[in-house]
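Here is how the chains run, residue by residue.
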Amino acid sequence: DLGTEFLERPLANPLMNAAGVWCTLAAQLDALADSEAAAIVTKSCTLVRRDGNPEPRYRALPLGSINSMGLPNEGYLYYLDYAAHHDYDHKPLFVSVSGLSLDDNLTIVAALRDVVLPALLEINLSCPNVPGKAQPGYDFEAMDELLAEVATAYRRPFGVKLPPYFDFAHFDTVAQILNRYEHLAFITCINSVGNALIIDTGQESAVIRPKDGFGGLGGDYVLPTALANVNAFHRRCPTKTIIGCGGVRTGEHVFQHLLAGATLVQVGTALYEEGPGIFQRLARELAELMAHKGYRRIDEFRGRLKTL
Ligand code: DHB
């Protein structure tokens, strides 16, 4: 039994897509709705439609992926319309919001609130790929101000998508900020490891065009960083629900995210490479691993990571 609960809603399993992957157009979201994923999140949206950065802007690598998409999306009204027609009895839908300014975020959040859908807001504090824009996730004052305004404007449970952190002082500071917001119900860790550079030795060249080749890393490269961030916020934010994201390609990786304290687990790079059929494979592999270990339910091990 892979059943779990997210904010008091029962789910068939803990699996969903990561924002950005297979979720920009209605046909892609429909494919996720028809897959074994138990929940869905839309591409991060902005006030107005964006083409995104010039191609090539995504490259698959032996150990993961690098991307600098630049927020290509259809604009928030498109995703609100999709949300209005979604079947919430079938599975929850998250709407990822990544406005380019505080005002843009507040406009989108107010619109989402006013339609009073059961859609869940995931506010993206961590898009690393828009030239000239700092991530709120790495500017703690800006993050606090944005959360204060969003919490006031939205007045319902919502969540944040965080970038990875690499220092205990940052885990402490960010957790302290998040814990001040009662409506902040869930925390998604992590977005891509930002601004890496992959070099093709033969070509003596970057492998993606935008930002001189700098882009966000996903896949195997980032699993240990993702697990650390999931567990760091699980320990520091006991009243929040953690969604794990980063480096999930097998059922064992899902198990590790759950053990570290995740309630749901998102799939990015591996979904991009394998397509929505991956959810069936991951569910089977997780069920097999649990059976092998003698676990009947996720509750029996979730968050129970041992330390030495
Ligand atoms: C994009 C990348 C991200 O990591 C993100 O959080 C939002 C958008 C992008 O490049 O499109």
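Everything that follows concerns the structure shown earlier in this document.
S.K.: Help me understand the site of the ligand, please; the structure alone is not making it clear to me.
M.R.: As a matter of local geometry, the ligand sits amid 13 residues, with Gly70, Leu71, Asn124, Asn129 and Asn191 nearest to it. Between Leu71 and the ligand, the recorded distance is 2.6 Å, taken from a backbone N or O atom to an oxygen atom. Within the side chain of Asn124, a nitrogen or oxygen atom sits 2.7 Å from an oxygen atom of the ligand. For the ligand, whose free accessible area comes to 290 Å², the fraction covered by protein is 92%. Its residues assigned to classes, the shell around the ligand shows five nonpolar, seven polar and one charged.

S.K.: Help me out: how do you make sense of helix α6 (residues 223-236) in this one?
M.R.: Residues spaced three or four apart along an α-helix point in a common direction, a consequence of the helix completing one turn every 3.6 residues. For α6, spanning 14 residues, the distance from its first C-alpha to its last is 20 Å, which sits close to the expected 20 Å at 1.5 Å a residue. Most of α6 sits inside the fold, with ten of its 14 residues counted as buried.

S.K.: Would you take a moment to explain a nonpolar patch on the surface for this structure?
M.R.: Together, Leu197, Ile199 and Phe214 make up an exposed nonpolar region whose accessible area comes to about 270 Å². Within the secondary structure layout, Ile199 lies in strand β12 (residues 199-200). Residue class for Ile199 comes out exposed when judged on its relative accessible area of 55%.

About the criteria used
- Residues numbered from 1 in each chain as written.
- Predicted model: local features only at pLDDT ≥ 70, side-chain atom pairs only at ≥ 80, totals over all residues.
- Heavy atoms only, no water.
- Near = heavy atom within 4 Å.
- Polar contact = N/O pair within 3.5 Å; in protein donor to acceptor, adjacent residues only side chain to side chain.
- Areas by Shrake-Rupley, 256 points an atom, 1.4 Å probe, with all protein chains shown as cover.
- Nonpolar A, V, L, I, M, F, W, Y, C, P; charged D, E, K, R; others polar.
- Helix = DSSP H or I, 4+ residues; strand = E, 2+ residues; numbered from the N terminus.
- Expected span 1.5 Å × (residues − 1).
- Buried < 20%, exposed > 50% of the residue type's maximum accessible area, 1.4 Å probe, protein only.
- Patch = residues over 30% accessible without salt bridge, like charges linked within 9 Å, V, L, I, M, F, W, Y side chains within 5 Å.
- Salt bridge = Lys/Arg side-chain N within 4 Å of Asp/Glu carboxyl O.

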